[in-house]
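# Breakdown of the fold
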Amino acid sequence: MADLNSKCKAWSAFLAVSALTIDMSVAWADDATHQDKRLDLGLTAAERNEFLSEMRQMLASVQGIVAGISTEDRQKIAKSARYSGNRMARATPVSVRRKLPPSFRDIGGDTHMMFEEIAVRAEADDMDMLAALTGRLMQQCLTCHAMFRAN
Ligand code: HEC
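The structure reproduced in this document is the subject of the present report.

What counts, and where the lines are drawn
Residues numbered from 1 in each chain as written. Predicted model: local features only at pLDDT ≥ 70, side-chain atom pairs only at ≥ 80, totals over all residues. Axes fitted to C-alpha atoms, helices over the stretch in contact; angles between N-to-C directions. Helix = DSSP H or I, 4+ residues; strand = E, 2+ residues; numbered from the N terminus. Parallel < 35°, antiparallel > 145°, perpendicular 65-115°, else oblique. Left-handed = near helix turned anticlockwise from the far one by under 90°. Contact = placed C-beta atoms within 7 Å. Nonpolar A, V, L, I, M, F, W, Y, C, P; charged D, E, K, R; others polar. Near = placed C-beta within 6 Å. Core = buried A, V, L, I, M, F, W, Y, C linked by C-beta atoms within 7 Å. Buried ≥ 20, exposed ≤ 12 C-beta atoms within 10 Å, placed from the backbone.

### A closer look at the packing of helix α6 (residues 102-121) against helix α7 (residues 127-147)
Running from N to C, α6 and α7 cross one another at 165°; their axes reach a closest spacing of 10 Å. Relative to α7, the element α6 is oriented roughly antiparallel. Where α6 crosses over α7, the two elements pack in a sense that is left-handed. Residues Phe-104, Ile-107, Gly-108, Asp-110, Thr-111, Met-114, Glu-117, Ile-118 and Arg-121 of α6 form the contact with α7, whose own contacting residues are Leu-130, Leu-133, Thr-134, Leu-137, Gln-140, Thr-143 and Cys-144. Grouping the amino acids of the contact of α6 with α7 by side-chain chemistry returns eight nonpolar, five polar and three charged.

### So, the site of the ligand
The local shell around the ligand holds 20 residues, among which Met-55, Gly-108, Cys-141, Cys-144 and Arg-149 are the closest. Looking at the shell around the ligand residue by residue, the classes come out as 13 nonpolar, five polar and two charged.

### Regarding the nonpolar core
The biggest cluster of nonpolar side chains holds 12 residues, and these are Ile-65, Ile-69, Ile-77, Ala-78, Ala-81, Met-114, Phe-115, Ile-118, Ala-119, Ala-122, Leu-130 and Leu-137. Going through the elements one at a time, α2 (45-70), α3 (74-83), α6 and α7 are the ones with two or more residues in this core. For this core, the element with the most residues is α6, which contributes four residues. With residues near it in sequence (within four places) discarded, Ile-69 still touches Ile-77, Met-127, Leu-130 and Ala-131.

So far we have only geometry, and geometry alone does not tell us how the molecule works.
Listed below in structure tokens is the structure:
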């Protein structure tokens, strides 16, 4: 009986691994065969450079916020967040702004406002609240990245 039991366990482990492998190969096939459906923003090479460098700055801001939360360093959180807040929104070149569709501008505007909100809330909010807000902020990154591309 014990023997049968362990055979059963071995089988279910095998099936679980096979299912996982099949799942993964389907995902890879999807990537290889399906077209990129994200909307191309149609930026020039110079505009794209500027645009992507702002994106990398936003990633650096998120890094600073998370690191600040981990050490409860309120100043670091606020400073990192403020860098990608309204200041960055205003700095977007007019030529780029004109090309961005309204749906992009809506998500982008909200994202910069959320950075500002984190900067303000860093003064007094509990760290777990700031972490939750950062999680919501990063949902914005995911939403936009799923919809648009820059080349
Ligand atoms: C309103 C739209 C939008 C939002 C919001 C957004 N991004 Fe992006 N991001 C883009 C697009 C479009 C690209 C180019 C993607 C591509 O061409 O594959 C990009 C690219 C990037 C890159 C790659 C930069 C490079 O040098 O190639 C990073 C890093 C990045 N984003 C970070 C972030 C982070 C972090 C956030 C959230 C805090 C964020 N982005 C929010 C639209 C957005």
